[in-house]
Structures are given as C-alpha cells and as structure tokens.
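# Observations on chain architecture
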Number of protein chains: 2
Amino acid sequence: MNKSTLISMAVVRRLPKYYRYLAELLRRDIDRISSKELSEKIGFTASQIRQDLNNFGDFGQQGYGYNVKELHREISKILGLYKEYNTVVVGAGNLGQAIANYSGFSKQGFNLKGIFDKNPKLIGIKINDIEIKDIDMLPEFIDNNSIDIGILCLPRNSAQEVANVLVEKGVKGIWNFAPADIVVPEEIAVENVHLSESLMVLSYRLNETNLLNENK
Amino acid sequence: MNKSTLISMAVVRRLPKYYRYLAELLRRDIDRISSKELSEKIGFTASQIRQDLNNFGDFGQQGYGYNVKELHREISKILGLYKEYNTVVVGAGNLGQAIANYSGFSKQGFNLKGIFDKNPKLIGIKINDIEIKDIDMLPEFIDNNSIDIGILCLPRNSAQEVANVLVEKGVKGIWNFAPADIVVPEEIAVENVHLSESLMVLSYRLNETNLLNENK
DNA sequence: TAGATTGTTAATCGATTAACAATC
DNA sequence: TAGATTGTTAATCGATTAACAATC
C-alpha cells in the first residue's frame, strides 16, 4: 500500500505520546492493548487512536487489539528512533549547558559531538566530557563530523546567522531554543522550543477566569 | 461587551508570537501596522490576525490599522504579563538549574523564590543566589511565600507526587518539564514542555521523505 | 461459533480563510 | 471625500468523532 500522503502534524505530535505510554506498558509487562483501553490511559478517543495508527499501516488485529511490543517498535521506526544522529549544541549558556549535559538524549541515539560558543570565558570548559569550542570552528567541525542536527541555544539576535551556517554546511534539522523564528529552506526540519512563549501561555491560563469577569 | 466565551487554545498559543513581533516593531520605532503588513512578517493570514485579536476587543481602527504600542500593551494584559508571580523550581538537575539561572523570566515578572531537590549533594548549593533546599521543606515554603507557579524539573516517577503537593498547597499553575502527564484538578493550569517529545518530532521530520519512499 | 475490536467511511465539529459592509 | 483597513459574517477546509461492516 502506498502511504505517500503526507501525515498531518496534528497526528505526528501525538506519536511521541503513544510511544511513551507503550514504553510504560512494556515496563509493566502488558503485551496487548485495545484502542479503548489505551484511550482511557492516554486521554485520546479510541477512534482517534485507530485513525492515527492507520495512517502508518495496519498494526492491529480485529478482536484482539494491538500487540504492545510490536506497536512500540513500529512507532519507534516511524519516529526514526532506531537511527543515530550526530548533534552540536550552539550557545553554551545555562540552557545550552543543560541540554549538552542531559544524558537522556544520547540514550535515544542523539549523540552530542560538539559544543560551541563565542564567549572566550566559556571556550575550553568541558561539559559532559566535551570541550566548548570557538564558534568560528563550527563550519569546519560540521564538515568533518557529519552533523545531522544543530541545537540552537542562542540569544534572539544571533539565531538566524548561525542557522544560516548550519544550513549551508548541510545540517538536516535544527532544534531551536532561541526566542526567534528562523527562516530556512523547506527541506530543513525545524522544531522550535519557545520556553518564554510556553510560560506566557501558562500566565494566560492563570488569569483566564479573572479576564472573563473583568471584561463584562 | 461580554467576552465571556472561552478562547480556543489555538488562538492563545499564537498570542505570545504577536507579543514578540510587536516588541520587535516597538524596538524599531514603528508605531502603526496593518493586519496585512503583520501577516507578511509573522506568517499568519491577515484574516486570522484580525479574527484572533477580535476575540479580546476592538484594538484596531478602520483605515488605519493597529497602534503598535497600544496593541503590545493590550496583549501583555491579556497574557497577564503586567503581574508578578512567585515561582519555585522543583528538581535541581541540569535542566532545573538552567531554568533557575535564566534571568529572562524574572524580567517578565516571574520571580524565583525557591529551589528544591531531594539529593543531599545538591542541597545547600546556590543557584542564582538561591540556596537549594531539601524537598521536604517545600510544603511549608509554599505556605510562607505565596507561591503561584511550581516548575517541575523532575524525573518521570516523582512528577505526579510533587504535583500533588503543589496543588494541595494552593499553587495555581504548574510548568511541567517532566516527561510525564500529570493529573491535577481542572482549575489548576498546567503547561507542559516535553523536550524529548519535541526531539522525536524533529527526528520524524528528518526521516519524513525517506519514509514515503520506503513504504511504496 | 460468538464476542471483541479493528479499519474505514460518513457525520460532526472546530478552525481557518474569504469576502465585504462598516467606518475611520 | 476617497482610500484604506478593520470587524464580522459566511464559506471552506481540516481534524475529530461516531458508526458499523469486516474479520480475527
């Protein structure tokens, strides 16, 4: 069957959650689950779960449900988690250092190869056994280490400039923590983590009820 | 006018982006903008921009557009950014420390009052001038410091447990960095930042084109 | 076989876009 | 006033939910 229709991002963004819940079921040695049972745990409708999974293939079996181990493996394939990726962190401030230090990502195949900053006070410091290098060395480093993903932990102003370098040097994806919208060719994947935007949404919701009363 | 209909989250999640672009226009001393011009910069349709803003009031003027300064101020009010919030970070690992250190949040009125961890090796260390305290002291601390927001930077297993404490002690919102879905009463605002999920989505998109070819 | 549960089509719901009258 | 641009209604599009025949 040709599945060459593009899957909507709404569906894609639910996949990691399926993956996480299936991992939990695996840990608990549960080896089958129906869309109805999964629905109760995960909070999506059973109908939505079946629709979502059917975008990628026929993973279930009528009258039985889904095999947890198999479905978990399939979703890991869909997400590309069985592969290895080489990454660099650009910007070694607090956030950059935290991301560089986080070992969970390397367990999932995201291997940190380099950390870069322009601040001379940071260059030379070791984070997670990797020495922070001068950002001027970034282009050459990408050439020599087949870097797949650039992780931007930079201030607003320098994000686009570094993104341009990453794209030019052939990086395939950018994980962007900078509070800026970067512009790249459409074949480059960009995933934004805008922390301050998330915090603003939280702030909005904290005041939601009040707002309604104030405006009457 | 009574605006007491609930605004959809799709709209709310766009507000911080409006806020950010308006701040940029302010920095550049631009004092008016039409939905059409803003559309070109921000990438939403002009129609959507007008629809979005109209959920909150009549901020524009026919034939003129929007006053940048005024609109920026209105959105900051809608988002509750003119207020001050007291926060605690729970979990002082790499990510918790990075969040605690980030000064940008305090500039926006989110004031860090305490940092907690259960690891004796971390307790006593100062981050951003605040000493990491034993997590056992969290309930009393919330009572004495009118904490509004709890920031969870914990492993999967302990997130729900700490969330329960926060809710019981009257925190109004939770900014959740733990890779777990926490369950709280509906009047408590929860905003999730699931970094590993974001990375998985990036991974998916890195492989998107390949997937299509493989499945034919 | 009977019961359970999927895969999939059709119906509904919600969000986005288009259109244009109102009005600055 | 004429031109520009909003506010808002109507049309379209896309995503979610419901329903049920297929089938394990």
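Every chain is numbered independently, its residues counted from 1 as its sequence is written. Here chains are named by letter from A upward and ligands by number from 1 upward, in the order in which they appear as written. Thresholds applied to this predicted model are a pLDDT of at least 70 for local features of residues and 80 or more for the giving and counting of side-chain atom pairs; totals over whole chains, interfaces and linings are not thresholded and use all residues. Side-chain numbers here rest on the full set of heavy atoms in the structure, without hydrogens or water.

Quick look at the interface of chain A and chain B now. Here, residues are in contact when the closest pair of their heavy atoms is within 4.5 Å. Contact with chain A, which involves 69 residues of that partner, is made by 69 residues of chain B. Summed over both partners, the interface of chain A with chain B buries about 6000 Å², with 63% contributed by carbon and sulfur atoms. Looking at the side of chain A facing chain B, the largest losses of area belong to Leu199, Met200 and Tyr204 of chain A, adding up to 11% of the total buried there. By definition here, a salt bridge exists when the distance from a side-chain nitrogen of Lys or Arg to a carboxyl oxygen of Asp or Glu is within 4 Å. The interface formed by chain A and chain B holds 10 salt bridges in total. N or O atoms within 3.5 Å of each other form a polar contact, as long as, within protein, one can give a hydrogen and the other can take it, and as long as residues adjacent in sequence are counted only when both atoms are side-chain atoms. Across the chain A-chain B interface, the total number found is 24 residue pairs in polar contact (both at pLDDT 80 or more). A helix here means a DSSP run of H or I that spans at least four residues, while a strand means a run of E at least two residues long, and both kinds are numbered starting from the N terminus. Among the elements of the structure, helix H1 (9-12), helix H2 (15-27), helix H6 (94-101), strand E9 (173-176), strand E10 (189-192) and helix H10 (195-214) of chain A are those that each provide at least two residues to the side of chain A that touches chain B. With 17 residues, the top contributor of residues to the side of chain A that touches chain B is H10 of chain A. Ten residues, namely Ala, Val, Leu, Ile, Met, Phe, Trp, Tyr, Cys and Pro, are considered nonpolar, four, namely Asp, Glu, Lys and Arg, are considered charged, and the remaining ones, Gly among them, are considered polar. Tallied by class, residues from the side of chain A that touches chain B come to 38 nonpolar, 16 polar and 15 charged. Buried surface area refers to the total accessible area, computed with a probe of radius 1.4 Å, that the two partners give up upon joining, counted for both partners together.

All names here are of chain A. Paired strands, as defined in this entry, are two strands with at least two bridges between them according to DSSP. With respect to topology, 3 strands assemble into an open sheet ordered E1-E3-E2, the strand pairing being antiparallel. Each having just a single partner strand, strand E1 (32-33) and strand E2 (60-61) make up the two edges of the open sheet. Set on the sheet, helix H5 (residues 68-78) makes contact with E1 and strand E3 (65-67); between it and E3 the angle comes to about 75°. Angular values range over 0 to 180 degrees, each being the angle between N-to-C directions of two axes fitted as lines to C-alpha atoms, with helices fitted over their stretch in contact.

Another point: the protein's contact with DNA strand C. Near is defined per residue: the residue qualifies when any heavy atom it owns lies within 4 Å of the molecule or strand. Inspection of the region around DNA strand C gives 24 residues, with Ser35 and Gln51 of chain A together with Ser47, Gln51 and Gln61 of chain B positioned closest. Sugar and phosphate atoms represent 55% of those atoms of DNA strand C found within 4 Å of the protein. Between Gln51 of chain A and DNA strand C, the recorded distance is 2.8 Å, taken from a side-chain N or O atom to a base oxygen. Here Phe59 of chain A contributes a backbone N or O atom positioned 3.4 Å from a phosphate oxygen of DNA strand C. Of all the secondary structure elements, the ones that give two or more residues to the surface near DNA strand C are helix H4 (46-54), E2 and E3 of chain A together with helix H4 (46-54) of chain B. Among the elements that make up the surface near DNA strand C, the one with the highest residue count is H4 of chain B (4 residues).

C-alpha atoms of residues with pLDDT of at least 70 in both copies form the basis for the least-squares superposition of the copies. In screw terms, the move from chain A to chain B is a rotation of 180° and a rise of 0.0 Å along the axis, fitting with an RMSD of 0.0 Å. Given the turn and translation reported, the copies of this chain are related as if by a two-fold rotation axis. Residue Ala98 of chain A of chain A places its C-alpha closer to the rotation axis than any other residue of that unit, at 3.0 Å. A shared binding surface is used by both copies, with 100% of the interface residues of chain A retained as interface residues in chain B.

Turning to the domain arrangement of chain A, a few remarks are in order. Boundary definitions for the domains trace back to an automatic or database domain assignment. Structurally, chain A comprises domain 1 (9-78) and domain 2 (85-197). Measuring from the centre of the C-alpha atoms in domain 1 of chain A to the corresponding centre in domain 2 of chain A gives 32 Å.

All names here are of chain B. Assignment of secondary structure puts Arg14 in the loop between helix H1 (9-12) and helix H2 (15-27). Using a relative accessible area of 17% as the deciding quantity, one classes Arg14 as buried. Leave out the neighbours within four places in its chain, and Arg14 touches Phe44, Gln48 and Asp52. Each residue gets one of three labels from its accessible area relative to the maximum for its type: buried under 20%, exposed over 50%, partly exposed in between, using a 1.4 Å probe on protein chains only.

What follows concerns the sheet that holds strand E8 (residues 149-152) of chain B. All names here are of chain B. Here we have 7 strands laid out as an open sheet, ordered E6-E7-E5-E4-E8-E9-E10, and mixed in their pairing. Across the chains shown, the open sheet's two edge strands, defined by having one partner strand only, are strand E6 (126-127) and strand E10 (189-192). The pairing of strand E4 (residues 85-90) with E8 spans 4 bridges and is classified as parallel. The residue bridging Val90 from the neighbouring strand is Leu152, located in E8.

Within the secondary structure, Asp52 of chain B sits in helix H4. Those residues in contact with Asp52 of chain B that lie beyond four places of it in its chain are Val11, Arg14 and Tyr18 of chain B.

This part takes up the protein's contact with DNA strand D. Around DNA strand D, the structure places 24 residues, and the nearest of them are Ser47, Gln51 and Gln61 of chain A together with Ser35 and Gln51 of chain B. In DNA strand D, atoms within 4 Å of the protein come from the sugar-phosphate backbone in 55% of cases. The backbone of Gln62 of chain A places a nitrogen or oxygen atom 3.3 Å from a base oxygen of DNA strand D. Between a phosphate oxygen of DNA strand D and a side-chain N or O atom of Ser35 of chain B, the distance comes to 2.6 Å. Broken down by secondary-structure element, the contributors of at least two residues to the surface near DNA strand D are H4 of chain A together with H4, strand E2 (60-61) and strand E3 (65-67) of chain B. Its residues placed into classes, the surface near DNA strand D shows 3 nonpolar, 17 polar and 4 charged.

Once that is clear, we can look at the layout of surface pockets. Computed from the structure, the second largest pocket encloses a volume of approximately 1200 Å³. Points on a 1 Å grid over protein atoms alone make up a cavity when a 1.4 Å probe fits among them but cannot get out, and a pocket when they form an open set with protein on both sides within 12 Å along at least five of seven lines; lining residues each have an atom within 4 Å of a point. Looking at the second largest pocket, it is lined by 42 residues, and the ones nearest its centre are Leu154, Pro155, Arg156 and Pro179 of chain A together with Tyr102 of chain B. For the lining of the second largest pocket, the secondary structure elements donating two or more residues are H6, helix H8 (138-145), helix H9 (156-168) and H10 of chain A together with H2, helix H6 (94-101) and helix H7 (104-107) of chain B. Counting residues per element, the lining of the second largest pocket draws most heavily on H9 of chain A, at 6 residues. The class makeup of the residues in the lining of the second largest pocket is 22 nonpolar, 11 polar and 9 charged. Grid points are joined across faces, edges and corners, and a volume is the space filled by probe spheres set on the points.

Residues and elements named next belong to chain B. Summed over the entire model, instances satisfying the criterion amount to 22 salt bridges over all chains. The salt bridge partner of Glu40 is Lys36, with a shortest N-O separation of 3.8 Å. Of this pair, Glu40 and Lys36 are both found in helix H3 (residues 35-42), 4 residues apart, which corresponds to roughly one turn of the helix. For the pair Glu40 and Lys36, one class covers both residues: exposed.

Moving on, we come to the nonpolar core. Buried Ala, Val, Leu, Ile, Met, Phe, Trp, Tyr and Cys residues form a nonpolar core when they are joined through side-chain atoms within 4.5 Å. The biggest cluster of nonpolar side chains holds 104 residues, and the ones touching the most others in it are Ile99 and Trp175 of chain A together with Ile99 and Trp175 of chain B. Apart from the residues within four sequence positions on either side, Trp175 of chain B is in contact with Leu195, Ser198, Leu199 and Leu202 of chain A together with Ile99, Phe105, Ile149, Gly150, Ile151, Leu152, Glu191 and Val193 of chain B.

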